[in-house]
Amino acid sequence: MSRRMFLRSLYQIKSLSRSSGLAAFQPLLHNRPYATTRQPAASASSLNQTELAKFAAIADSWWDAEGPFKPLHVMNPTRIAFLRSTLCRHFGKDPFSVRPFEGLKFVDVGCGGGILSEPLARMGASVTGIDAVEKNIKIARLHADLDPVASSIKYRCTTAENLVEEQMKFDAVIALEVIEHVADPAEFCKSLSALTVTNGATVVSTINRSMRAYATAIIAAEYILHWLPKGTHQWSSFLTPEELVMILQRASISVEEMAGFAYDPLTGQWSLTDDIGVNFIAFGIKNSL
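Residues numbered from 1 in each chain as written. Predicted model: local features only at pLDDT ≥ 70, side-chain atom pairs only at ≥ 80, totals over all residues. Heavy atoms only, no water.

Peer 1: Help me understand the nonpolar core, please; the structure alone is not making it clear to me.
Peer 2: One broad rule of soluble globular proteins: the nonpolar side chains tend to lie buried together. Counting 33 residues, the largest nonpolar core has L83, L87, F101, F106, L120, I174 and V203 as the members making the most contacts within it. Where this core is concerned, the elements lending two or more residues are helix 4 (70-91), helix 5 (117-122), helix 6 (134-144), strand 4 (170-176), strand 5 (196-207), strand 6 (253-264) and strand 8 (279-286). Apart from the residues lying within four places of it in its own chain, the contact partners of V203 are F82, L83, L87, V173, I174, A175, L176, I281, A282 and F283. Counting residues in hydrophobic clusters, the runner-up holds 28 residues, among them F188, L239, I253 and A282. (Core = buried A, V, L, I, M, F, W, Y, C linked by side-chain atoms within 4.5 Å. Buried < 20%, exposed > 50% of the residue type's maximum accessible area, 1.4 Å probe, protein only. Helix = DSSP H or I, 4+ residues; strand = E, 2+ residues; numbered from the N terminus. Contact = heavy atoms within 4.5 Å.)

Peer 1: Would you mind going over the pattern of salt bridges with me for this structure?
Peer 2: Close approach of charged atoms allows side chains with opposite charge to pair. Applying the stated criterion to the full structure yields 11 salt bridges. The residue K135 makes a salt bridge to D60 at a minimum N-O spacing of 3.4 Å. Separated by 75 residues along the polypeptide, K135 in helix 6 and D60 in the loop between helix 3 (49-56) and helix 4 bring together distant segments of the chain. Looking at K135, the relative accessible area reads 35%, which means it is partly exposed. (Salt bridge = Lys/Arg side-chain N within 4 Å of Asp/Glu carboxyl O.)

Peer 1: Can you walk me through the packing of aromatic side chains in this structure?
Peer 2: Aromatic rings considered in pairs are described by the distance between their centres and by the relative angle of their planes. For the structure shown, the criterion picks out three aromatic pairs. With a centroid separation of 3.7 Å and 5° between ring planes, the pair formed by W62 and F69 is classed as stacked. Both residues of the pair, W62 and F69, count as buried. Both rings, one in Y263 and one in W270, keep their centres 5.3 Å apart while their planes meet at 55°; by these two values the pair is tilted. In this structure W270 comes out as buried when scored by relative accessible area, which is 14%. (Phe/Tyr/Trp six-rings, centres within 6.5 Å; stacked < 30°, edge-to-face > 60°.)

Peer 1: Which parts of the structure should I look at to understand the side chain of T78?
Peer 2: Locating T78 in the fold gives a position in helix 4. In this structure the side chain of T78 is engaged in a polar contact, spanning 3.0 Å, whose partner is the backbone oxygen of W270. The contacts of T78, once residues within four sequence positions are left out, are F261, W270, S271 and L272. (Polar contact = N/O pair within 3.5 Å; in protein donor to acceptor, adjacent residues only side chain to side chain.)

Peer 1: I tried to follow helix 10 (residues 241-250) on my own but got confused; where do I start?
Peer 2: At 3.6 residues per turn, the α-helix brings residues three or four places apart onto the same side. Burial of helix 10 is extensive: seven of the 10 residues sit out of reach of the surface. Once helix 10 finishes, S252 follows within two positions and takes phi at roughly 70°, a positive value.

Peer 1: What exactly am I supposed to notice about the environment of S151 here?
Peer 2: Relative to the assigned elements, S151 resides in the loop between helix 6 and strand 3 (154-157). Judged by its relative accessible area of 38%, S151 is partly exposed. Sequence spacing of S151 and A121 is 30 residues, and the spatial spacing of their C-alpha atoms is 8.9 Å. Beyond its immediate chain neighbours, meaning those up to four positions away, S151 contacts A144 and D145. A polar atom in the side chain of S151 sits 2.6 Å from the backbone oxygen of P148.

Below, the structure is given as structure tokens:
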């Protein structure tokens, strides 16, 4: 797919989200099997306790490059390449600089053990890493203390909703491979938007709810190749690109760029692609109210 065709597809997604034709997506967005028990407090509205317990059980393995988080370690350079490209362009920074994010405040939502927070800090950003699993935050802090630069990261065991209540704001709000594990994607995106300064950036990555994603991200990755523990993902909790664009738009985030991640089994590496059929990432800008 050429870049022109890709941009045209993104335009069509935006156009759809502005039309009444997307009413067909409503059952998908509001009647999906999220957490069976909703949290009573507003600050916990997007939490899924089953998903939290799942990741708490393997928290000790965050920095084991051959452990259950190996796919994220291998994908990380490609995720960072997308962030460097889009965020530098948006904020007028030099992408070839060693510390291109100097002077910018980022929050890494669902930071886990900090495998994304640390490289962002090394690129000059003032990083806050948050996660609802206390064990993840403990692991992240211990590992960050090994590096004087990474030790500047502010790690907190909290939620995006709690930061909203504290009226915190960031130049860029980043939530990678998180939204498919929350109980209410729409409420979660509202919190991401509330944390983003006007004209700031919001970046979300997830897995497409496609049959190809079911075959590769679940059947192959979890049951055949054993890259991930069985049950890591629920296909019904994935979002299509159209749904994500619509949810973000309703939260005052305008998606400006989208890319896919492609895995090459011959090299064992990931790369950015126009194919958003499985793993994809979206870069958006917070609109002025």
